[in-house]
Amino acid sequence: MTAVNHFTYGPLTPLLAYVMSCIGSMLGLRLTAQAHASRGGSKVRWLLGAAISIGGTGVWVMHFIGMMGFQVEGTQIKYDVWLTAASAAVAIIVVGTGLFLVSYGRGRLLALLGGGLLTGLGVASMHYLGMYAMNMSAQVSYDRVTVAISVVIAVVAATAALWFTLRVRKPIWITGAALVMGVAVSGMHYTGMYAMHVTVDSQPGVITGADALDFLVPLMTVISLITLTMLLMVILSPSEEELHEDAELLAKLELRRRTAQQQQQLTYPSPGVAPAPMPLAAPTPQAPFPQAPFPQGSRPQMPQGPYPQAPAPQADPSPMPAPGGQAEAPRRQPSRRQPSRSRRR
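This structure is a prediction, so every number in the text was calculated from the model and none was measured. Here the residue index of a chain counts from 1 through its sequence in written order. Note on the predicted model: pLDDT of at least 70 is required for a residue's local features to be given, and 80 or more for side-chain atom pairs to be given and counted; whole-chain, interface and lining totals, by contrast, use all residues. In computing side-chain properties, one takes all heavy atoms of the structure into account and sets aside hydrogens as well as water.

J.: Explain the overall build of the protein to me, please; I cannot follow it from the model alone.
T.: Scanning the protein from terminus to terminus reveals eight helices and six strands. In the protein, the succession of helices and strands from N to C terminus is β-α-α-β-β-α-α-β-β-α-α-β-α-α. Burial status across the protein gives 34% buried among its 345 residues. Restricting the contact set of the protein to residue pairs at least 6 apart, pairs at least 24 apart contribute 84%. In this description, accessible areas are obtained by the Shrake-Rupley approach with a 1.4 Å probe, and a residue is regarded as covered only by the protein chains that are shown. Accessible surface, the protein: about 23,000 Å² in total, of which carbon and sulfur atoms supply 63%. Every helix listed is a DSSP run of H or I at least four residues long, and every strand listed is a run of E at least two residues long, numbered separately from the N terminus. Exposed residues in this analysis have more than 50% of their type's maximum accessible area, buried residues have under 20%, and partly exposed residues fall in between, with area computed by a 1.4 Å probe over protein chains only. Contact between two residues is taken to exist if any of their heavy atoms lie within 4.5 Å; hydrogens are not considered.

J.: What's the story with the environment of Ser202 in this structure? I'm lost.
T.: In this fold, Ser202 is placed in the loop between strand S6 (196-200) and helix H7 (212-236). In this structure, the C-alpha to C-alpha distance between Ser202 and Ser137, residues 65 residues apart in sequence, is 8.7 Å.

J.: Even after reading the chapter, I still don't get the environment of Val94, so can you show me in this structure?
T.: The residue Val94 is located in helix H3 (residues 81-104) in this model. C-alpha separation for the pair Val94 and Gly122, spaced 28 residues apart in sequence, amounts to 5.4 Å. With residues up to four places along the chain from it excluded, the contact list for Val94 reads Leu118, Thr119, Gly122 and Val123.

J.: Explanation requested: the packing of aromatic side chains in the structure shown.
T.: Any two aromatic rings considered together are summarised by their centre-to-centre distance and by the angle between their planes. By convention, a stacked pair of Phe, Tyr or Trp rings (six-membered ring in the case of Trp) has centres within 6.5 Å and planes under 30 degrees apart, an edge-to-face pair has planes over 60 apart, and any other such pair is tilted. Throughout the structure, instances matching the rule amount to six aromatic pairs. Aromatic rings pair up to connect Trp60, Phe64 and Tyr79 into one cluster. Here, a charge over a ring means that NZ of Lys or CZ of Arg falls within 6 Å of the ring centre while also lying within 35 degrees of the ring normal. One cation-aromatic arrangement involves Lys43 over Tyr104; the distance from NZ or CZ to the ring centre is 4.6 Å.

J.: What should I look at first to understand the side chain of Thr32 in this one?
T.: Note that Thr32 resides in helix H1 (residues 12-36). A distance of 2.7 Å separates a polar side-chain atom of Thr32 from the backbone oxygen of Leu29. Residues in contact with Thr32, not counting those within four places in the same chain, are Leu47, Ala50, Leu99 and Thr165. Here a polar contact is taken to be a pair of N or O atoms separated by no more than 3.5 Å, where protein atoms must pair a possible hydrogen donor with a possible acceptor and residues adjacent in sequence count only if both atoms sit in side chains.

J.: Quick question: what am I supposed to make of the environment of Arg144 here?
T.: Considering the arrangement of structural elements, one finds Arg144 in helix H5 (residues 144-167). A sequence separation of 51 residues divides Arg144 from Ala195, and the C-alpha atoms of the two residues are 7.5 Å apart.

J.: I'm lost on the nonpolar core in this one. Help?
T.: Among soluble globular proteins, nonpolar side chains are generally buried collectively. Note on terminology: a nonpolar core comprises buried Ala, Val, Leu, Ile, Met, Phe, Trp, Tyr and Cys residues joined through side-chain atoms within 4.5 Å. Counting residues in hydrophobic clusters, the biggest one holds 61 residues, and the most contacted among them are Trp60, Phe70, Tyr79 and Met134. Broken down by element, this core gets its largest block of residues, twelve residues, from helix H2 (residues 41-68).

J.: Can you walk me through the pairing of S6 in this structure?
T.: For a regular strand, the rule is simple: side chains alternate between the two faces of the sheet. Where burial is concerned, the two faces of S6 differ: the one with Met196, Val198 and Val200 is buried and the one with His197 and Thr199 is not. Of the pairings in the sheet, the one linking strand S5 (residues 138-142) to S6 comprises five bridges and is antiparallel in character. Paired with Gln139 across the two strands is Thr199, which belongs to S6. In short, DSSP must find at least two bridges between two strands for them to pair.

J.: Quick question: what am I supposed to make of the pattern of salt bridges here?
T.: Opposite charge on two side chains makes pairing possible when the charged atoms of those side chains draw close. Every case where a carboxyl oxygen of Asp or Glu lies within 4 Å of a side-chain nitrogen of Lys or Arg is listed as a salt bridge. All chains considered together, the criterion is met by two salt bridges. A salt bridge links Glu254 to Arg257, with the shortest nitrogen-to-oxygen separation between them at 2.5 Å. Taken as a pair, Glu254 and Arg257 lie in helix H8 (residues 240-267) at a separation of three residues, close to a single helical turn. Given a relative accessible area of 44%, Arg257 falls into the partly exposed group.

J.: I tried to follow the packing of helix H4 (residues 109-132) against helix H6 (residues 171-194) on my own but got confused; where do I start?
T.: Look at H4 against H6: their axes get within 11 Å of each other, and the N-to-C directions meet at 45°. Viewed along their axes, H4 and H6 adopt a mutual orientation that is oblique. At the point where H4 passes H6, the crossing takes the right-handed sense. Taking contact as the criterion, the partners of Val123, Ala124, His127, Tyr128 and Met131 in H4 are, on H6, Met188, His189, Gly192 and Met193. To obtain each axis, a line is fitted to C-alpha atoms, and for helices this fit is confined to the stretch in contact; angles are then taken between N-to-C directions over 0 to 180 degrees. Should an angle lie under 35 degrees it is considered roughly parallel, over 145 roughly antiparallel, and from 65 to 115 roughly perpendicular; all remaining angles are considered oblique. Handedness of a crossing is defined here by the sense of rotation of the near helix relative to the far one, left-handed for an anticlockwise turn of less than a right angle and right-handed for a clockwise turn.

Honestly, it's all geometry; don't read function into it.
Here is the structure:
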């Protein structure tokens, strides 16, 4: 049995691991809140971002920052590249699966418990897979009771994290939930590490794999940059309250548009047909001018038109006065006698 040191650099590695776990959890909760306010493909993208934040940064990065302070006296520690990468993939996949189950399960208790159990077992699997990826000239064994306790902590922490994703919306509550999740993930990690017992081989052999500084630091840097990028996306994107206000504004505009359309339909009976003009008062027919009677067969021809015309005025038969003041006597027209039909003999 040899001495195992979990805090080679003092409180630096556990503190840094806890901070990264809180940052990843906080960002994941913020992304899930954004996902609940979205629909369709946008919701799926936000949930995937939350899986990367919680599973990648909040769990996997925290785990391997804690492993940076882990040393065993008498042997060198290296890491298997593929197993380490597989542990990161497991963390992201199981957290994403739990988020999708809870989100699309509409917060039902069965979906929450099932998602918490699956996510907790997945996080515990990631932890022990990452520890199995360590190559050293030593024999490793685990205390079963302590391992079981670490798995229970992982399941409880995962269920609480999924419950937070359904209930937490305001920034202050998101911050508090992230601090609790950081404690749970860190507690699970160091409980699992405490369950490990290492016995160094008397004959050190060749150790294969990649050094922590050559492999883990670049990989953790890439995941951290992805996390910061998503953090900027969340900051620049509208919050849930802003989205709700925009939805209310759009609903009011749609209601106003429908009201205007209904009024237009009342004014115009059918689309594309102009309204009929208002009926005007009919013109009052005028009475025809009075006409003097004419002898039979001597009625003058009147011009055709919309209104009858009065006959032209007749010349005044009265004689004009003479210059001397006496009226000129009318000239007598010679009478024409009709010849008698019978002659006297």
